[in-house]
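Structural features, examined
Chain by chain, the residues run as shown.
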Amino acid sequence: MRPSEGKETFGLYEDRNVQMLLSKFLSGEIQTIEPVYDSEVGYRYPVIESTVGEASQVAAFLNKLEEAGILEKKLYDKIIFCPECGSADVSTRYCCPFCKSFDIQKSSLIEHVKCGYMDLENKFCEGDKYICPKCNEELREIDVDYRKAGIWCTCNNCKKSFDIPVPSHFCRTCGAISSFEEVIIKDVYSYTLKENVTAESSLNWFLVAAIREFLMKEGLKVESPGLLKGKSGAKHSFDIVAYRGGKSQKVIVVDLAMSPGDVVSEQPVIALFAKIFDVSPEKAHLIAIPKLSENGKRMAELYKIRAIEAKNQEEAIVSLKESLKAA
Ligand SMILES: [Zn+2]
Ligand SMILES: [Zn+2]
Ligand SMILES: [Zn+2]
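Residues numbered from 1 in each chain as written. Chains lettered and ligands numbered in written order. Predicted model: local features only at pLDDT ≥ 70, side-chain atom pairs only at ≥ 80, totals over all residues. Heavy atoms only, no water.

Some remarks on the coordination of the zinc ion (ligand 1)
Donor atoms from the polypeptide that coordinate the zinc ion (ligand 1) comprise Cys82 (SG), Cys85 (SG), Cys171 (SG) and Cys174 (SG), at 2.3 to 2.4 Å from the metal. Spacing between the donor residues of the zinc ion (ligand 1) along their common chain follows C-x2-C-x85-C-x2-C. Overall, Cys82 belongs to the buried group, its relative accessible area being 2%. (Donors = N, O, S within 2.8 Å, 3.2 Å for Na, K, Ca; no water. Buried < 20%, exposed > 50% of the residue type's maximum accessible area, 1.4 Å probe, protein only.)

Structure, rendered in C-alpha cells:
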C-alpha cells in the first residue's frame, strides 16, 4: 500500500504521459507494447510516440519506466544498422568463404539409403522424380528410401564448394557492405506492465504524487513516506509528512486508505490515531478512497483526524486544500 521506492518514481507518476500510458494498460486497451518494423529507423513504438508526442523521446521514456519497475521488457528482436550511414535497411548475405562472393548456390546433399550413394540434390533429379545416379532406382519416400544429409554450397564465382557460408551485410540505403564485426547490432524489446502494478497501486502512486506536488507548491517541505519520532521514542511512518521550517513544529501528516468499489473501514483511522497520539502533529489527515465507513467517520471526529473522502486525486486535493486553510 505504501510507496516504498525512490523519489524518481514519484516524478514518473506526476508525469501526464505516464498516467496516460498506465491507464491504457489498466483499462485493457493495451496488453503489450510491441515494436513495429520501419525500414528507415528500425523499430518504432507507435503507441508510445502518440503518448509522448516526440519520436526522439520514446527510448528514454521506455527506459525510465523499465528502470522504475513499472514496465517489464522482453527481447523481441535484434536489429542490424549500417556502420556507414546508420540505416536499418540492411540485408544479410551468405557468402563464399574463399572469394567472399554472395553469388552462391545452396543445395541439399541426398543419400540413397539402399546403396549409400551421396550427392547433390540436382544429380538425383530426373523430371519430377528422384532417381539414384548410381543404381538407377527411384527414391520415393524421405527418411525411408533416402535422407537429406546436410547442405552443400557451391560458389558461382570461384566454383569452390563448402558447407558453411560466411554472412555479410548489404546496406540498401548507401550500398555499403559490412562484416559481422563491423555492423552495429541493437536489442529491441517489447514491454508489458509489471505484474505488481495494479489499478490500486497505481491510483495510490498517482494520489501520493499529486498530493506531494500540491503540498510543495504550497511551500511545504514534503517527505513520502515520512518518518516521525514520537514522545515515546518510537518512530512512526506516514504516507506523507509535510512541514514548514523545522520538523519539530507545524507538522502535517497524511495517510491514504483505499477500498475501490467499497467503503474504507475504521481500521486505518485507528492505526493513524495510534501514531498521532505519540507524534502530536498539528494536523492529521486520512484520505479515504472512495468513502469512509460511518464508524470510521465517528472515530476520526473523536480522534481529531480530518477524514477526507474522495473519488479521485482532484477531489482529494480540493478537500485537502480546504482543510489546510481551516484552523
Ligand atoms: Zn548504409
Ligand atoms: Zn542408389
Ligand atoms: Zn567463391
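Further notes follow.
Some thoughts on the pairing of strand 21 (residues 283-292)
The buried count for strand 21 comes to eight of 10 residues, which makes it a mostly enclosed element. Pairing between strand 20 (residues 251-264) and strand 21: nine bridges, direction parallel. Within strand 21, the position partnered with Val253 by the bridge is Ala284. With four bridges joining them, strand 21 and strand 22 (residues 306-309) adopt parallel strand pairing. When the bridges of strand 22 are listed, Leu286 appears paired with Ala307. Each parallel crossover has a hand, and for strand 21 linked through helix 8 (residues 294-302) to strand 22 it is right-handed. (Helix = DSSP H or I, 4+ residues; strand = E, 2+ residues; numbered from the N terminus. Pairing = 2+ DSSP bridges. Right-handed = clockwise from strand over helix to strand, strands pointing away.)

Remarks on the coordination of the zinc ion (ligand 3)
Looking at the zinc ion (ligand 3), the protein donor atoms are Cys96 (SG), Cys99 (SG), Cys155 (SG) and Cys158 (SG), and they sit 2.3 to 2.4 Å from it. Given four donor atoms and angles of 102 to 118° at the metal, the environment of the zinc ion (ligand 3) is assigned as tetrahedral. Read in sequence order, the donor residues for the zinc ion (ligand 3) give the motif C-x2-C-x55-C-x2-C. Of this pair, Cys99 sits in the loop between strand 5 (90-95) and strand 6 (104-112) while Cys155 sits in strand 11 (residues 146-155), placing them 56 residues apart in sequence. Judged by relative accessible area, which is 30%, Cys99 ranks as partly exposed. (Tetrahedral: all angles 85-135°; square planar, octahedral: opposite > 155°, others 65-115°.)

Some remarks on the packing of helix 2 (residues 16-26) against helix 6 (residues 199-217)
Interaxial distance between helix 2 and helix 6 falls to 11 Å at its minimum, and their mutual angle equals 160°. Here helix 2 is positioned roughly antiparallel relative to helix 6, judged by the angle of their axes. As helix 2 packs across helix 6, the resulting crossing turns out to be left-handed. Between helix 2 and helix 6, the residues in contact are Gln19, Leu22 and Leu26 and Ala199, Ser202 and Phe206, respectively. Per-class residue counts for the contact of helix 2 with helix 6 are four nonpolar, two polar and no charged. (Axes fitted to C-alpha atoms, helices over the stretch in contact; angles between N-to-C directions. Parallel < 35°, antiparallel > 145°, perpendicular 65-115°, else oblique. Left-handed = near helix turned anticlockwise from the far one by under 90°. Contact = heavy atoms within 4.5 Å. Nonpolar A, V, L, I, M, F, W, Y, C, P; charged D, E, K, R; others polar.)

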